[in-house]
Amino acid sequence: MKVGMLALQGAFTEHEDMLSRLGAECFEIRRKQDLTRPMDGLVLPGGESTVMGKLLRELELFQPLKEKILEGLPAFGTCAGLLLLAETIENGGSPCFGTMPITAVRNAYGRQLGSFQTQGAFDGREIPMTFIRAPYVKSVGAGVEILSETDGRITAARWRNQLVTAFHPELTKEAAVHQYFLAIISEGMKS
Ligand code: GLN
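Residues numbered from 1 in each chain as written. Predicted model: local features only at pLDDT ≥ 70, side-chain atom pairs only at ≥ 80, totals over all residues. Heavy atoms only, no water.

In the annotation of an unreviewed UniProt entry, the entry for the protein reads Pyridoxal 5'-phosphate synthase subunit PdxT, and the organism field reads [Clostridium] leptum DSM 753. Quoted verbatim from the Function (unreviewed entry) field of the UniProt record, the comment on the protein reads "Catalyzes the hydrolysis of glutamine to glutamate and ammonia as part of the biosynthesis of pyridoxal 5'-phosphate. The resulting ammonia molecule is channeled to the active site of PdxS." Annotation of the protein in UniProt includes, under Sequence similarities (unreviewed entry), the sentence "Belongs to the glutaminase PdxT/SNO family." (UniProt positions renumbered as here; feature names shortened; annotations may be inferred.)

A. Main features of the pattern of salt bridges. One pass over the full model with this rule turns up 8 salt bridges. For R30, the salt bridge identified is with E28, shortest N-O distance 2.5 Å. Assessed through its relative accessible area of 42%, R30 is described here as partly exposed. A salt bridge links E187 to R158, with the shortest nitrogen-to-oxygen separation between them at 3.0 Å. Of the two residues, E187 is situated in helix α5 (residues 176-190) and R158 in strand β11 (residues 153-159); the sequence distance between them amounts to 29 residues. Accessibility expressed as a relative area gives 14% for R158, which makes it buried. (Salt bridge = Lys/Arg side-chain N within 4 Å of Asp/Glu carboxyl O. Buried < 20%, exposed > 50% of the residue type's maximum accessible area, 1.4 Å probe, protein only. Helix = DSSP H or I, 4+ residues; strand = E, 2+ residues; numbered from the N terminus.)

B. The site of the ligand, seen in detail. G46, G47, E48, S49, C79, A80, L83, R106, N107, I132, R133 and H168 make up every residue found near the ligand. A distance of 3.0 Å separates an oxygen atom of the ligand from a polar atom in the backbone of A80. Here the ligand has 300 Å² of accessible area as a free molecule, and 95% of this is covered by the chains. For the shell around the ligand, the class distribution of residues is 4 nonpolar, 5 polar and 3 charged. (Near = heavy atom within 4 Å. Polar contact = N/O pair within 3.5 Å; in protein donor to acceptor, adjacent residues only side chain to side chain. Areas by Shrake-Rupley, 256 points an atom, 1.4 Å probe, with all protein chains shown as cover. Nonpolar A, V, L, I, M, F, W, Y, C, P; charged D, E, K, R; others polar.)

C. Local environment of the nonpolar core. Counting residues in each nonpolar core, the largest one holds 61 residues, and the members touching the most others are L6, L42, L56, L65, F97 and F122. Take this core: its biggest share by element is 7 residues, from α5. With residues up to four places along the chain from it excluded, the contact list for L42 reads V3, G4, I29, L65, I69, L73, P74, A75, F76 and F181. (Core = buried A, V, L, I, M, F, W, Y, C linked by side-chain atoms within 4.5 Å. Contact = heavy atoms within 4.5 Å.)

In structure tokens:
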């Protein structure tokens, strides 16, 4: 299984470590030529969504990646990556890829704007969760599966080939979310 890692900025090495541990092969996407490599899945890491959005356009990665996601390439966005996929960002300007029917709120999770750790259920399993200036999902469109809610806020969801978490599963040792993403990739390979 080959996973492309958007590596323009932010916390991507931790995702690579986690996915490699689970047996996936990761390669970094930094420029257009990197997209010629076969890719079974795409990770959009945490970082700063506005900076990533700007770089994606400048490096001409935006359109080809958006097309791949719309064609069904499994995509996993954490934190800033969630904001890149969200169709609507309530308080943060225009969407980036906008391929997932969710409305996100930037820098707005719970009462705390900074970082914090908590425990919560993801897809029915209790896992540690690290939030760093996290967004949350305010509302979801038809067919979106809510995978996690923390303090009444939606913090993980899936729609078809797209998976998002407001928290950073790559910063803990718990691999449940990455396993879930690899299962989405496997499902796609079978169909
Ligand atoms: N606040 C950041 C943004 O708006 C996301 C933070 C993160 O990815 N840890 O892009």
